[in-house]
Every structure is written in C-alpha cells, then in structure tokens.
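Structural overview
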Amino acid sequence: MKRLWLGVGILLVILGLGIFSAAVTEAFQKRVSRELILAAEAAGAGEWDTAQSRYHQAKELWEENRACNAAITDHAPMEEIDRYFSQGSVFLSEGNRKDFRSCCLALSVLVEAVAEAQGLTWWSLL
C-alpha cells in the first residue's frame, strides 16, 4: 500500500510541476506579446522613442527567459521568433517604421501562439 501512495505522490508532484511551468511560461510569453503590440502601436502613432523602448523591453525579456522556455517548448517557433527579432532590430536601426511595425505584430502573433500551445487547456489534454 505504501508503494501505491508513493507512486500517487510522485505523479502529483510531476503534475504540479507541469502546471506551474505552463503557467509561468504562458505569463512570460503574454508579457512579451503585450510589449510587442505596444511597440507596434507606438510606431504606428509616430512615437518612435516609445516604440524602441517597448521593443527593447520585449527583446530583453525574451532573451532572459529563452533558456527556460526552450526546455519546455518546441524549438521551431522559437527559432522563427529569434529571426523576427533580428529583422526587427535591423528595421529599428534603419528607422523603417512600416516594416518595424509589421515585424512587431508578426512577432506578437508568434509569441502568443507559442503561449497558447503551452497553456493548460482542456483540448491540450485530449
């Protein structure tokens, strides 16, 4: 009987860690997505300094948490997100507001998609 409860306990710990990591990852990715949307909106409104600041905040947040995120998510979308961040930096340095805005919006959609894929929903359990 002790082995049964030990097995149940181990499974509950694993379940708890899975739920915790999903929640933390989703929250982090939603913050990155929100910053990118704000950067795109600022670039569209002509507030270039605000757009740059928001973009840099999103990029720093992404890079700080990339290793932990890579441990539990699919690498293909992460590589695409890195590619878009590189393009966004080029558009930012060139002052190309239109392409920068579209890059930020595309990045936001990708980051949000990764967050939804990693989130705990009833259809992800099926």
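Details of the structure are given in the entry above.
Residues numbered from 1 in each chain as written. Predicted model: local features only at pLDDT ≥ 70, side-chain atom pairs only at ≥ 80, totals over all residues. Heavy atoms only, no water.

Below, the discussion takes up the packing of aromatic side chains. Under the definition given, this model contains 5 aromatic pairs. The interplanar angle of 20° and the centroid separation of 5.9 Å between the aromatic rings of Phe28 and Trp62 together place this pair among those described as stacked. Here the residue Phe28 occupies a position in helix H1 (residues 2-44), and Trp62 occupies one in helix H2 (residues 48-64), the gap between them amounting to 34 residues. Look at Trp62 and Phe85: their rings are 6.3 Å apart centre to centre, the planes differ by 35°, and that puts the pair in the tilted class. (Phe/Tyr/Trp six-rings, centres within 6.5 Å; stacked < 30°, edge-to-face > 60°. Helix = DSSP H or I, 4+ residues; strand = E, 2+ residues; numbered from the N terminus.)

Secondary-structure assignment places Ser108 in helix H5 (residues 97-118). Overall, the relative accessible area of 4% leaves Ser108 in the buried class. With residues near it in sequence (within four places) discarded, Ser108 still touches Ser33, Leu36 and Ile37. (Buried < 20%, exposed > 50% of the residue type's maximum accessible area, 1.4 Å probe, protein only. Contact = heavy atoms within 4.5 Å.)

Turning our attention to the side chain of Thr25. When you line up the elements, Thr25 lands in helix H1. Not counting the four nearest positions on each side in its chain, Thr25 is found in contact with Asn69, Ile72 and Thr73.

Another point: a nonpolar patch on the surface. Residues Met1, Leu4, Trp5, Val8, Leu12, Leu15 and Ile19 make up a contiguous nonpolar surface patch of roughly 760 Å² in combined accessible area. By relative accessible area, which is 48% here, Leu4 ends up partly exposed. (Patch = residues over 30% accessible without salt bridge, like charges linked within 9 Å, V, L, I, M, F, W, Y side chains within 5 Å. Areas by Shrake-Rupley, 256 points an atom, 1.4 Å probe, with all protein chains shown as cover. Salt bridge = Lys/Arg side-chain N within 4 Å of Asp/Glu carboxyl O.)

The contact between helix H4 (residues 75-94) and H5 brings their axes to 9 Å, and the two run at 160°. Considered as vectors, H4 and H5 are oriented roughly antiparallel to each other. When you trace H4 past H5, the crossing you get is left-handed. Of the residues in H5, those touching H4 at Pro77, Glu80, Ile81, Tyr84, Phe85, Gln87, Gly88, Phe91 and Leu92 are Asp99, Phe100, Cys103, Ala106, Leu107, Leu110, Val111 and Val114. Partitioned by chemical class, the residues of the contact of H4 with H5 number 13 nonpolar, 2 polar and 2 charged. (Axes fitted to C-alpha atoms, helices over the stretch in contact; angles between N-to-C directions. Parallel < 35°, antiparallel > 145°, perpendicular 65-115°, else oblique. Left-handed = near helix turned anticlockwise from the far one by under 90°. Nonpolar A, V, L, I, M, F, W, Y, C, P; charged D, E, K, R; others polar.)

On to the nonpolar core, then. Within the largest apolar cluster, 26 residues are counted, with the highest numbers of intra-cluster contacts made by Val32, Leu36, Tyr55, Ile81, Phe85 and Phe100. Those elements giving two or more residues to this core turn out to be H1, H2, H4 and H5. In this view, Leu36 contacts Tyr55, Ala58, Phe85, Cys104, Leu107, Ser108 and Val111; residues no more than four positions away in its chain are not counted. (Core = buried A, V, L, I, M, F, W, Y, C linked by side-chain atoms within 4.5 Å.)

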